Amino acid sequence: MSENYKSIRLKKNEERRIKQGHVWIFSNEVDIKETPLKSFEAGEVVTVEASNGKVIGVAYINPNTLICGRIISRSAKARFNQGFIKKRIQAAQTLRELSFDEPYYRLVFGDADGLPGLVIDRFGDVFVAQITTAGMEKMKDVITTTIENLYHPRTLIYSNETSSRKLEGLPMYEEVAIGELPEEVLIEENGTKFNIPVSGGQKTGWFYDHRLGRKRLQEMVKGKRVLDVFSYLGGWGLEAAVAGASEVVCVDSSSSALDGVDRNAALNGVADKVTTYEGNAFDVLKVLISEGNKYDVVIIDPPAFVKRKKDIRSGSEGYRRINELAIRLVETDGILVSASCSHHMSRDALLNQVQLAARHLDRTVQLFDQAHQAPDHPVHPAIPETEYIKTFFFRVSKAW
Ligand code: SAH
């Protein structure tokens, strides 16, 4: 089943970044006189040539997007087929098995697992996949068959609802490809049970990426009052409650997320310690401040405020404002856990915004620990975009 792919030619010197390991081809790097992008279909697989005609890999193409190609292999002989998908998924699985005994993890993390445009979260025998590119969308049936053959899952859902699909010319939809849609799926993380919605929830239903930070939090919350801001189902807050926090308040703008907090608190026998507060976090924190509330630990884990590079100014301002509100709610010598999942908000930039906020309030903050994205979200060193989670643990004191 060896078909020959058409070629795409890069302009002079444009192969350099790709040779160094990146996998994205930008549309302005293609020699469109030699190989007009318009002559390719969205999702078509091609051989990629340097300007001198030397083959540097195989990619899939979308002529309509700024990132017009993604390298899937450095070998000219590679074929984007079932064998390819199976091998890459198996390789991703063995990496997870280095870190996890139970099959509850992000099984595939896109570019970092050599499967650009594909994310698969595994919740035991329930699989939730997200496809974000036309090239990967063409492989959907192949992916379904591969998952079926490898895992015989109870359920495989495509939660293809991310807005970036629009750029690729793809429709947004949810599809149950194998089995039936369970109303909820039970997972356990850091000794805490969660019933999560795999349909109609957020992203794939659960944010596995913060599990190391949440575990670190558990070590410092015994007997403490905890405020979990942007809580979703209470990943941080409920794990703190299970670890012995005396009181937990979860804040989120989504009422269904907070219903989930209540139900999961009951599931873990900590309902008496947990309360929820629905609303825009910026407003809710102001109310909590005006009422004179203080917490031993405040966690800020917002959605990405800097989704694109051009949002850096407004996003940075958002991080500064929310951290400033949070610091005002931390007891003297209490703890601020401040996270960001914006790749474009660098570690140093976030640190700087927290420091600005602390100085503005005349407080001293000491960064005493940090957490990274969990090992089921590996980083591809040549693709900085695969590294995105920053989690800072600060002690907040009166100014020295
Ligand atoms: N901390 C969560 C993940 C956060 S995802 C966890 O550990 O799983 C971001 C959450 O912020 C979502 O639940 C979303 O509903 C909520 N959210 C988004 N904008 C908000 C706002 N302005 N105020 C309060 N919550 C918000």
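Residues numbered from 1 in each chain as written. Predicted model: local features only at pLDDT ≥ 70, side-chain atom pairs only at ≥ 80, totals over all residues. Heavy atoms only, no water.

### So, helix H2 (residues 82-97)
Next, step 1: In this model, H2 (16 residues) spans 22 Å end to end at C-alpha, consistent with the 22 Å of a helix rising 1.5 Å per residue.
Next, step 2: Every buried residue of H2 is listed here: Phe 84, Ile 85, Ile 89, Ala 92, Gln 93 and Arg 96. The buried side chains of H2 occupy one side of the element, clustering within an arc of 165° when seen end-on.
Next, step 3: Packing partners of the buried residues in H2 comprise strand S5 (67-73), strand S6 (104-109), strand S7 (118-123), helix H3 (134-137) and helix H4 (140-151).
Next, step 4: Taking the backbone nitrogen of Gly 83 as reference, a side-chain oxygen 3.2 Å away marks Asn 81 as the first, capping residue of H2. (Helix = DSSP H or I, 4+ residues; strand = E, 2+ residues; numbered from the N terminus. Expected span 1.5 Å × (residues − 1). Buried < 20%, exposed > 50% of the residue type's maximum accessible area, 1.4 Å probe, protein only. Arc of directions from axis to C-beta. Contact = heavy atoms within 4.5 Å. Polar contact = N/O pair within 3.5 Å; in protein donor to acceptor, adjacent residues only side chain to side chain.)

### Re the sheet that holds S7
Next, step 1: Judged by pairing direction, the sheet is mixed, and its five strands sit side by side in the order S6-S7-S8-S9-S10 without closing on themselves. Each of the sheet's edge strands pairs with one partner strand only, and the pair in question is S6 and strand S10 (173-179). Between one strand and the next, the sheet's axes are offset by a mean angle of 15°, whatever the strand orientation.
Next, step 2: The pairing of strand S8 (residues 126-131) with strand S9 (residues 155-160) spans four bridges and is parallel. The residue bridging Val 126 from the neighbouring strand is Thr 155, located in S9.
Next, step 3: Contacting S6, S7, S8, S9 and S10, H4 runs over the sheet at an angle of about 150° to S9. (Pairing = 2+ DSSP bridges. Axes fitted to C-alpha atoms, helices over the stretch in contact; angles between N-to-C directions.)

### Brief notes about the site of the ligand
Next, step 1: Not every one of the 15 residues close to the ligand is listed here, only the nearest: Arg 214, Phe 230, Asp 252, Ala 281 and Asp 301.
Next, step 2: Here Ser 253 contributes a backbone N or O atom positioned 3.1 Å from a nitrogen atom of the ligand.
Next, step 3: Between Asp 301 and the ligand, the recorded distance is 2.7 Å, taken from a side-chain N or O atom to a nitrogen atom.
Next, step 4: Out of a free accessible area of 580 Å², the ligand has 86% covered by protein chains.
Next, step 5: The class makeup of the residues in the shell around the ligand is six nonpolar, six polar and three charged. (Near = heavy atom within 4 Å. Areas by Shrake-Rupley, 256 points an atom, 1.4 Å probe, with all protein chains shown as cover. Nonpolar A, V, L, I, M, F, W, Y, C, P; charged D, E, K, R; others polar.)

### A short note on the pairing of S6
Next, step 1: Burial analysis of S6 places five of its six residues in the buried class, the great majority of the element.
Next, step 2: Summarising the sheet, S6 and S7 pair through five bridges and their orientation is antiparallel. Following the sheet pairing, Val 108 is matched in S7 by Ile 120.

### Digging into the pattern of salt bridges
Side chains bearing opposite charge may pair, as long as their charged atoms lie close to each other.
Next, step 1: One pass over the structure, following the stated rule, counts 20 salt bridges.
Next, step 2: Between Arg 347 and Asp 348 there is a salt bridge; the shortest N-O distance is 3.0 Å.
Next, step 3: On the accessibility criterion, Arg 347 (33% relative accessible area) is partly exposed.
Next, step 4: Asp 348 gets classed as exposed once you look at its relative accessible area, which sits at 52%.
Next, step 5: Counted as one network, the salt bridges with shared partners bring together Arg 216, Glu 219 and Asp 369. (Salt bridge = Lys/Arg side-chain N within 4 Å of Asp/Glu carboxyl O.)

### Quick notes on the nonpolar core
Next, step 1: With 36 residues, the main nonpolar core has Phe 123, Ile 196 and Leu 217 as its most contacted residues.
Next, step 2: Looking at this core, the elements that each hand over two or more residues are S8, strand S11 (185-189), strand S12 (192-196), helix H7 (235-242), strand S14 (247-252), helix H8 (255-267), strand S16 (295-300) and strand S17 (330-340).
Next, step 3: Shared between two domains, this core takes at least three residues from each, and those domains are domain 2 (82-182) and domain 3 (195-398).
Next, step 4: Those residues in contact with Leu 217, other than ones at most four positions away along the chain, are Trp 236, Ala 240, Val 297, Ile 299, Val 337 and Phe 393.
Next, step 5: Val 249, Phe 282, Val 284 and Ala 358 belong to the second largest nonpolar core, which has 33 residues in total. (Core = buried A, V, L, I, M, F, W, Y, C linked by side-chain atoms within 4.5 Å. Domains from an automatic or database assignment.)

### Some words on the environment of Tyr 173
Next, step 1: Within the secondary structure layout, Tyr 173 lies in strand S10.
Next, step 2: Residues Tyr 173 and Ser 159, 14 residues apart in the sequence, show an inter-C-alpha distance of 6.8 Å.
Next, step 3: In this view, Tyr 173 contacts Glu 137, Lys 140, Tyr 158, Ser 159, Asn 160, Glu 161 and Arg 165; residues no more than four positions away in its chain are not counted.
Next, step 4: There is a polar contact of 2.8 Å between the side chain of Tyr 173 and the side chain of Lys 140.

### Description of the domain arrangement of the protein chain
Next, step 1: According to the domain assignment, the protein chain contains domain 1 (6-73), domain 2 (82-182) and domain 3 (195-398).
Next, step 2: Domain 1 puts five residues into the contact, and the matching count from domain 3 is five residues.
Next, step 3: Taken together, the two surfaces of domain 1 and domain 3 that pack against each other cover about 340 Å², and 70% of this comes from carbon and sulfur.
Next, step 4: Its largest share of buried area at the contact with domain 3, domain 1 owes to Gly 21, His 22 and Trp 24, together 80% of the area lost on that side.
Next, step 5: Taken together, the links from domain 1 to domain 3 amount to zero salt bridges.
Next, step 6: Our count for the domain 1 to domain 3 interface comes out at zero residue pairs in polar contact (both at pLDDT 80 or more).
Next, step 7: When its residues are assigned to classes, the side of domain 1 that touches domain 3 shows two nonpolar, three polar and no charged. (Buried area = accessible area lost by both parts, 1.4 Å probe.)

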